[in-house]
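# Summary of structural features
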Amino acid sequence: MALAGGRGFLVQPCISSSFVCKNIINKPLFGVKNTFWPARLGPTSRVTRTVVRAQLRPTWLPGLDPPPYLDGSLPGDYGFDPLGLGEDPQSLKWYVQAELVHARFAMLGVAGILFTDLLRVTGIINLPLWYDAGAVKFKFANTETLFIVQLILMGFAETKRYMDFVSPGSQAEGPFLGMEVALEGLEPGYPGGPLLNPLGLAKDIKNAQDLKLKEIKNGRLAMVAMLGFFVQAYVTHVGPIDNLVEHLSNPWHTTIIQNLSHPAS
């Protein structure tokens, strides 16, 4: 048996004295029909036939076989788990939820940073840089009060999310200000309802694979963007819109190479 093209194609030659090779099972492999090419007949009337099976799903590295526990059933599953963190089924379920939550926070963060930075750069509103916003003192409440309020609200939301992960659908049980149905959730990680899905885009969550895939792809892109914002802020000490304007004004001499070589002091 020969292996060609990394692991993307399985090439299996078979030589026989007739056109029928008995040691090859002529059945589809994983739903892909086997294709045979007869070789040119030689003086001994022997025929070489080759079976080629294409890789069935895209992976993060073309030709690489994904781990068996990443079977492509999860949204955005491209077989990427170099550390083997998802070998345990229960751990894999938790990591899926953790990635989903981080992706959503990253999308909100990227949108908020770009929007407020655009308002600041254009002079519409006098706002602090995004990495200094947390140190701003507000007149309507002190920092300690805001921290306690955020702790209570975030703690409530995260507790409800965790309980729904442990026991799906349990958050709709018992009275809660008439919002029990809204808290029931479609499935773990997808709360839905009029509060979190007002447009009803994924009421049939079992058949919303395209929406799930789009969400996780945009979320992963947002997480990479947030990493870029962190590095930009550390190196240049300005916001992303300032970086973009400076780069566009002098694209050949204001790049990541120059910024990393000569960081702002």
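In the nomenclature of an unreviewed UniProt entry, the protein corresponds to Chlorophyll a-b binding protein, chloroplastic from the organism Carya illinoinensis. Per UniProt, the comment on the protein under Subcellular location (unreviewed entry) is "Plastid, Chloroplast thylakoid membrane". According to the UniProt record, the Function (unreviewed entry) comment for the protein reads "The light-harvesting complex (LHC) functions as a light receptor, it captures and delivers excitation energy to photosystems with which it is closely associated."

### Comments concerning unusual backbone geometry
One non-glycine residue with positive phi stands out, namely H237, at about 60°. Its place among the elements puts H237 in the loop between helix 4 (209–236) and helix 5 (240–249).

### Examining helix 1 (residues 89–121)
For helix 1, with 33 residues, the first-to-last C-alpha span of 47 Å sits near the 48 Å given by 1.5 Å per residue. Turning to helix 1, its buried residues are L92, Q97, L100, V101, A103, A106, V110, I113, D117 and L119. Check the buried side of helix 1 and you find it contacts helix 2 (143–166), helix 4 and helix 5. A positive backbone phi angle near 80° is found at G123, which sits one or two residues after helix 1.

### Concerning the UniProt feature "binding site: chlorophyll b" (unreviewed entry) in the protein
The UniProt entry lists R104 and L183 under the feature "binding site: chlorophyll b" (unreviewed entry), expressed in the numbering used here. Relative to the elements of secondary structure, R104 occurs in helix 1. Residues in contact with R104, not counting those within four places in the same chain, are G189, Y190, P191 and E215.

### Some words on the nonpolar core
By size, the foremost hydrophobic cluster in this structure holds seven residues: L100, A103, Y190, A202, I205, A208 and I216. Not counting the four nearest positions on each side in its chain, I205 is found in contact with L186, E187, Y190 and K212.

### Considerations on the layout of surface pockets
Its boundaries defined by the atoms lining it, the second largest pocket holds a volume of some 970 Å³. What lines the second largest pocket is a set of 34 residues, among which L74, L92, Y95, V96 and E99 lie closest to the centre. Elements with a minimum of two residues in the lining of the second largest pocket: helix 1 and helix 4. Sorting elements by how many residues they give to the lining of the second largest pocket places helix 1 first, with nine residues. Grouping the constituent residues of the lining of the second largest pocket by class yields 19 nonpolar, seven polar and eight charged.

### Considerations on the environment of N259
Relative to the helices and strands, N259 resides in helix 6 (residues 256–261). Once the C-alpha coordinates of N259 and V235 are considered, the two residues, 24 residues apart in sequence, prove to be 6.8 Å apart. Setting aside its immediate chain neighbours within four residues, N259 contacts V235 and T236.

Rules of the game
Residues numbered from 1 in each chain as written. Predicted model: local features only at pLDDT ≥ 70, side-chain atom pairs only at ≥ 80, totals over all residues. Heavy atoms only, no water. UniProt positions renumbered as here; feature names shortened; annotations may be inferred. Helix = DSSP H or I, 4+ residues; strand = E, 2+ residues; numbered from the N terminus. Expected span 1.5 Å × (residues − 1). Buried < 20%, exposed > 50% of the residue type's maximum accessible area, 1.4 Å probe, protein only. Contact = heavy atoms within 4.5 Å. Core = buried A, V, L, I, M, F, W, Y, C linked by side-chain atoms within 4.5 Å. 1 Å grid on protein atoms, 1.4 Å probe; cavity = no way out; pocket = protein on both sides within 12 Å on 5 of 7 lines; lining within 4 Å. Points joined across faces, edges and corners; volume = space filled by probe spheres on them. Nonpolar A, V, L, I, M, F, W, Y, C, P; charged D, E, K, R; others polar.

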